[in-house]
Every structure is written in structure tokens, then in C-alpha cells.
Amino acid sequence: ETTQDPIIKKYFKERYERCRLLFYNIERRQKTLKSITEIIWNWQYNFFVNHDALRPMTLSHIADMVGLHTSTVSRSTKNKFVQTPSGTYSYKDLFQRPCKKGDEKACKDSICRIITQLIQSESPTAPYSDLALQRRLSETFGISLSRRLIQKYRYILHIENSYIRRLEYISH
């Protein structure tokens, strides 16, 4: 039955408008997150499909590509995860600053992979020191980093220094 009571009509009209606004905002959030995800997917395609290293990518870079403000991209991706064929990742982990301004290939993830590869291929009797790793990165890959940064990444990767690696090889 329909009512003729103006107070009840006003009440339901207000509730209907609030509900419509809620659905509109939810739809807008979905569209925003979808467009951000599509840009990230295209930018990090080789990471997701070929398991390559992450390419440097910043919030402002994605914001420019999507046409949104950096803070909007930050809020949209905060505490959210993306499920891909290669696994589930936090959006936060996909953003990697370049080690140097304008460097398209070198970010923390790619450098950690290179350091791991260099250490795995080193001679067990003469492992690379942090200084030697620094020189190899500079000469072979054109990436110049401080020795302290090499040490920090090695620590993050749970790789011992050259002296301990040499001792471990000798003791086995």
C-alpha cells in the first residue's frame, strides 16, 4: 500500500537518495581501481607474466597515466591486493622508486635480483665483497650505487658478507 503521509514520503525519499549516492560512489571506486590496475598491469606486465624484476613505478607516474591526483591513487591502493596468475600482491609492493631519477630499469627489486645472481655465480673460494659487487653493477649494468646500499640490499636478502660466505664454503 502507498501512504499519503508527507513525513513518511520525505523519509523514504531521503533514504532512497542516500542509497543511490552510495551505489554511485561504490561504482566510481570500482572504476578508479580498475583503471589503476589496468595501468599497473600494462606497466608491470613482464613481472606478472615472465617473472622479471619489477620496473620502477611511482604513485605520481601512475596518477599521470590515469589522469588522477597522486593522493587519489594512494588512497585507492592502500591496504588492497591484486590477484594475478602468478600470485597475490599488495599494491604497495608493486610501487618501486627508481634508484636514480629517470632510470627506467633500476629499482630495489631489480637490483636485489642482480645481486642475488652475481653472488650465486661467484667463485666460492673468492666471493665478491660489497665493493666488488658495487663495481660489477656499475661496469656490467651501468647502475652506480653506494657500497652501503649494496650492503643494505644484501642484508635484506639474508646474504652474509664475503668473509662469512668464504668461511661457510671452507667449512663444508
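Cut-offs and rules
- Residues numbered from 1 in each chain as written.
- Predicted model: local features only at pLDDT ≥ 70, side-chain atom pairs only at ≥ 80, totals over all residues.
- Heavy atoms only, no water.
- Helix = DSSP H or I, 4+ residues; strand = E, 2+ residues; numbered from the N terminus.
- Rg over C-alpha atoms; globule rule 2.2 N^0.38 Å.
- Buried < 20%, exposed > 50% of the residue type's maximum accessible area, 1.4 Å probe, protein only.
- Contact = heavy atoms within 4.5 Å.
- Areas by Shrake-Rupley, 256 points an atom, 1.4 Å probe, with all protein chains shown as cover.
- Arc of directions from axis to C-beta.
- Salt bridge = Lys/Arg side-chain N within 4 Å of Asp/Glu carboxyl O.
- Core = buried A, V, L, I, M, F, W, Y, C linked by side-chain atoms within 4.5 Å.

### Here's the deal with the overall build of the protein chain
The helix and strand tally for the protein chain stands at nine helices and two strands. Helices and strands appear in the protein chain in the N-to-C order α-α-α-α-β-β-α-α-α-α-α. For the protein chain, whose C-alpha radius of gyration is 25 Å, the value lies well above the compact-globule estimate of 16 Å for 172 residues. By its C-alpha atoms, the protein chain is 90 × 35 × 25 Å across when sized along the principal axes. Taken over 172 residues, the protein chain has a buried fraction of 28%. In the protein chain, 56% of the contacts between residues at least 6 apart in sequence involve partners at least 24 apart. Summed over its atoms, the accessible surface of the protein chain is roughly 12,300 Å², and 53% of this surface lies on carbon and sulfur atoms.

### Brief notes about helix H8 (residues 147-156)
Within H8, the full set of buried residues consists of Ile150, Tyr153 and Arg154. For H8, the buried positions fall inside an angular range of 100 degrees around the axis, keeping them on one side. Looking at H8, the residues exposed on the side facing more than 90 degrees away from the buried face are Arg148 and Tyr155. Contacts from the buried residues of H8 go to helix H6 (108-120), helix H7 (130-141) and helix H9 (162-171). Of the residues trailing H8, histidine 158 is marked for its positive phi of about 60 degrees.

### Brief notes about the environment of cysteine 112
Mapped onto the elements of the fold, cysteine 112 is located in helix H6. Using a relative accessible area of 8% as the deciding quantity, one classes cysteine 112 as buried. Cysteine 112 sits 109 residues away from threonine 3 along the chain, and the two C-alpha atoms are 69 Å apart. When near neighbours in sequence (up to four residues on either side) are disregarded, cysteine 112 contacts Tyr153 and Leu157.

### With respect to the pattern of salt bridges
Evaluated as defined, the whole model comprises six salt bridges. When the shortest N-O distance is used, the salt bridge between lysine 31 and glutamate 27 registers 3.3 Å. Taken together, the positions of lysine 31 and glutamate 27, both in helix H1 (residues 6-43) and four residues apart, correspond to about one turn of that helix. The exposed category is assigned to lysine 31, whose relative accessible area is 54%. A salt bridge links arginine 154 to aspartate 130; its shortest N-O distance comes to 2.8 Å. Residue arginine 154 is found in helix H8, and its partner aspartate 130 is found in helix H7; the two are separated by 24 residues along the sequence. Look at aspartate 130 and you get buried, because its relative accessible area is 12%.

### Overview of unusual backbone geometry
Of note, histidine 51 is a non-glycine position whose phi angle comes to about 60 degrees, a positive value. Among the secondary structure elements, histidine 51 is positioned in the loop between helix H2 (45-50) and helix H3 (59-66). We note that asparagine 79 has phi near 55 degrees; this positive angle belongs to a residue other than glycine. Tracing the backbone through its elements, the reader meets asparagine 79 in the loop between helix H4 (70-77) and strand S1 (81-84). On the basis of relative accessible area, asparagine 79 is assigned to the exposed category, the value being 69%.

### Details of the nonpolar core
One recurring pattern in soluble globular proteins is that nonpolar side chains are buried together. In this structure, Ile40, Met57, Ile62 and Leu94 are the most contacted members of the largest nonpolar core, which totals 17 residues. Put simply, the parts of the chain that give this core at least two residues each are H1, H2, H3 and helix H5 (91-94). Those residues within four positions of isoleucine 62 in sequence are excluded, and the remaining contacts are Ile36, Ile39, Ile40, Met57, Val73 and Phe95. Listed in part, the 15 residues of the second largest apolar core include Ile114, Leu133, Leu137 and Ile159.

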